[in-house]
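Okay, here's what each chain looks like letter by letter:
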Amino acid sequence: IHDRTIHSLFQSVTTRTAGFNTTDLAAMDESGTAIMVILMLIGGSPGSTAGGMKTTTFAVLLLSAITVFSRRNDVQCFRRISDETVRSAGAVLFMYLVLFFTSGVIISRVENLPLLTCLFETSSAIGTVGLSLGITSGLSAVSRVILMILMFFGRVGGLTLIYAALPSADSQNSRLPLEKISVG
């Protein structure tokens, strides 16, 4: 039990960006692989060399959910968090999930490999972690290019690329009427 606990703790930390491997990842069961995928998507903290969504983005999304469930008006954690920050966190989550899942499905179809294995590789790429289940060396050029694009995207960051590529749509002069939409 002691060794398993130590290995689990180490692997949960290394999924943030280190990419060190002390156990045979291919021997893990699906639940362990899925947990590692989630940790790699979250990534490290801002200001670090880690890729992924960032721990603060995940925290803002978690706090936003707690705010909705507790029927409060403002997202808060010691101080109020701006609506723009919450919207940005939601957009980052959406971008990372779409890129991660779409890329994993494409690689799975192209290579005829199990989806969870391909999702592990794509989350490792977009999180710039460096872990692998051992399939990367056998992938075709198309799949390798997808992983390279994900690595670049994960390192530079989603919002940075979008802000650099798309012009600002600042519409301070007019606003559309507010609509209440039922969600959930």
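Figured I'd write up the structure that's included with this text.

### Brief notes about the overall build of the chain
Stage number 1. Of the regular secondary structure elements, the chain holds 7 helices and 2 strands.
Stage number 2. Each helix (α) and strand (β) of the chain, taken in turn from the N terminus, gives the series α-α-α-β-β-α-α-α-α.
Stage number 3. Scored against the burial criterion, the 184 residues of the chain give a buried share of 34%.
Stage number 4. Contacts in the chain between residues far apart in sequence, at least 24 positions, make up 56% of those at least 6 positions apart.
Stage number 5. In the structure as shown, the chain presents an accessible area of about 12,100 Å², 63% of it carried by carbon and sulfur atoms.

### Here's the deal with helix H6 (residues 141-156)
Stage number 1. Here H6 spans 23 Å end to end across 16 residues, near enough to the 22 Å set by a 1.5 Å rise per residue.
Stage number 2. For H6, the complete set of buried residues consists of Ser143, Ile146, Leu147, Leu150, Phe153 and Gly154. Along the long axis of H6, the arc covered by the buried residues comes to 125 degrees, so they all point the same way. The exposed residues of H6 that point more than 90 degrees off its buried face are Ala141, Ile149 and Phe152.

### Comments concerning helix H5 (residues 115-126)
Stage number 1. Over its 12 residues, H5 runs 16 Å from end to end, which matches the ideal 16 Å to within 8%, given 1.5 Å per residue.
Stage number 2. Judged by how many residues are buried, H5 sits mostly within the fold: 10 of 12 residues are covered.
Stage number 3. Along H5, the positions that sit buried rather than exposed are Thr117, Cys118, Leu119, Phe120, Glu121, Thr122, Ser123, Ser124, Ala125 and Ile126.
Stage number 4. For H5, the elements touching its buried residues are helix H2 (30-42), helix H4 (83-111) and H6.

### Here we look at the packing of H4 against H5
Stage number 1. Across the interface, H4 lies against H5 with an axial gap of 8 Å and an inter-helix angle of 135 degrees. Comparing their axes, H5 and H4 come out oblique. By crossing handedness, the relation of H4 to H5 is classed as right-handed. Across from Tyr96, Leu99, Phe100, Phe101, Ser103, Gly104, Val105, Ile107 and Ser108 in H4, the residues of H5 making contact are Leu115, Cys118, Leu119, Thr122, Ser123 and Ile126.
Stage number 2. Of the residues in the contact of H4 with H5, the class split is 10 nonpolar, 5 polar and no charged.

### Overview of a nonpolar patch on the surface
Stage number 1. A cluster of nonpolar side chains, namely Val145, Met148, Ile149 and Met151, defines an oily patch on the protein surface of about 380 Å² accessible area.
Stage number 2. Within the secondary structure layout, Val145 lies in helix H6.

### Looking at the side chain of Thr67
Stage number 1. Following the sequence through the fold, Thr67 ends up in helix H3 (residues 55-69).
Stage number 2. Within the structure, Thr67 has its side chain in polar contact with the backbone oxygen of Leu63 (distance 2.8 Å).

### Focus: the nonpolar core
Stage number 1. Counting residues in hydrophobic clusters, the biggest one holds 26 residues, and the most contacted among them are Phe120 and Leu131.
Stage number 2. Listing elements by their share of this core, those giving two or more residues are H2, H4, H5 and H6.
Stage number 3. One finds Leu61, Leu63, Val75 and Val86 within the second-largest nonpolar core, a separate group that totals 7 residues.

Thresholds, definitions, all that
- Residues numbered from 1 in each chain as written.
- Predicted model: local features only at pLDDT ≥ 70, side-chain atom pairs only at ≥ 80, totals over all residues.
- Heavy atoms only, no water.
- Helix = DSSP H or I, 4+ residues; strand = E, 2+ residues; numbered from the N terminus.
- Buried < 20%, exposed > 50% of the residue type's maximum accessible area, 1.4 Å probe, protein only.
- Contact = heavy atoms within 4.5 Å.
- Areas by Shrake-Rupley, 256 points an atom, 1.4 Å probe, with all protein chains shown as cover.
- Expected span 1.5 Å × (residues − 1).
- Arc of directions from axis to C-beta.
- Axes fitted to C-alpha atoms, helices over the stretch in contact; angles between N-to-C directions.
- Parallel < 35°, antiparallel > 145°, perpendicular 65-115°, else oblique.
- Left-handed = near helix turned anticlockwise from the far one by under 90°.
- Nonpolar A, V, L, I, M, F, W, Y, C, P; charged D, E, K, R; others polar.
- Patch = residues over 30% accessible without salt bridge, like charges linked within 9 Å, V, L, I, M, F, W, Y side chains within 5 Å.
- Salt bridge = Lys/Arg side-chain N within 4 Å of Asp/Glu carboxyl O.
- Polar contact = N/O pair within 3.5 Å; in protein donor to acceptor, adjacent residues only side chain to side chain.
- Core = buried A, V, L, I, M, F, W, Y, C linked by side-chain atoms within 4.5 Å.

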